[in-house]
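# Understanding the architecture of this molecule
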Amino acid sequence: MSKTLTLKEKWDLLVGKLTGQFADGDELNMDGIIYLIGVQELGQGHREFKKDEKVNLMHIAICKLLEPYGYYEFDFYDDDAWPHYKTLTELPNLKPGEQTVLMKEAIINYFDTLNY
């Protein structure tokens, strides 16, 4: 009989695995994980990003993470090969705790889809 893991348990396992692979000792927080997803989705490998590019990477990640929930849809790649998304449904007004739960679920689902 297999035990079903809670969201917190899944999150802690994922953070531990990502921290071990990508962080130099400090535990990754949600913003750091979203940034990693943005770099992954951009697909241009590891390189130095300017401040505005880092903000755009986080936006790409959030759009990708919330796409399965029907909030965003991939639209096109621009001339620099950056993905662009269009808004399908406005995000609901969520309390900070609810936003955190939604993002944790979306991040866990993203990595589950990648079989990470």
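## A word on the pattern of salt bridges
Applying the stated rule across the entire model yields four salt bridges. One salt bridge in this structure joins Lys-8 and Asp-12, with 2.7 Å as the shortest N-O distance. Of this pair, Lys-8 and Asp-12 both sit in helix α1 (residues 7-22), four residues apart, which is roughly one turn of that helix. Lys-8 sits in the exposed class, given a relative accessible area of 57%. Across the pair Glu-73 and Lys-86 runs a salt bridge, and its minimum N-O distance is 3.3 Å. You can see Glu-73 sitting in strand β1 (residues 72-77) and its partner Lys-86 sitting in strand β2 (residues 83-87), a full 13 residues away along the chain. Note on Glu-73: relative accessible area 34%, which makes it partly exposed. Among the residues examined, Lys-86 registers a relative accessible area of 36% and is labelled partly exposed.

## Brief notes about α1
Here α1 spans 22 Å end to end across 16 residues, near enough to the 22 Å set by a 1.5 Å rise per residue. Buried within α1 are the following residues: Trp-11, Leu-14, Val-15, Leu-18 and Thr-19. For α1, the buried positions fall inside an angular range of 130° around the axis, keeping them on one side. With respect to the buried face of α1, the exposed residues turned more than 90 degrees away are Leu-13 and Gly-20. Its buried side turned inward, α1 meets α2 (30-42) and α4 (96-113).

## Details of unusual backbone geometry
Within the chain, Ala-81 stands out as a residue other than glycine whose phi angle is a positive 70°. Its location among the elements puts Ala-81 in the loop between β1 and β2. Residue Asn-115 is not a glycine yet carries a positive backbone phi of 55°. Along the chain, Asn-115 turns up in the segment after α4. Looking at Asn-115, the relative accessible area reads 71%, which means it is exposed.

## Things to note about the pairing of β1
The sheet contact formed by β1 and β2 spans five bridges and is antiparallel. The residue bridging Tyr-77 from the neighbouring strand is Pro-83, located in β2. Linkage of β1 to β2, two consecutive antiparallel strands, is achieved through a turn of five residues, within which Ala-81 is found at a positive phi near 70°.

Conventions used here
Residues numbered from 1 in each chain as written. Predicted model: local features only at pLDDT ≥ 70, side-chain atom pairs only at ≥ 80, totals over all residues. Heavy atoms only, no water. Salt bridge = Lys/Arg side-chain N within 4 Å of Asp/Glu carboxyl O. Helix = DSSP H or I, 4+ residues; strand = E, 2+ residues; numbered from the N terminus. Buried < 20%, exposed > 50% of the residue type's maximum accessible area, 1.4 Å probe, protein only. Expected span 1.5 Å × (residues − 1). Arc of directions from axis to C-beta. Contact = heavy atoms within 4.5 Å. Pairing = 2+ DSSP bridges.

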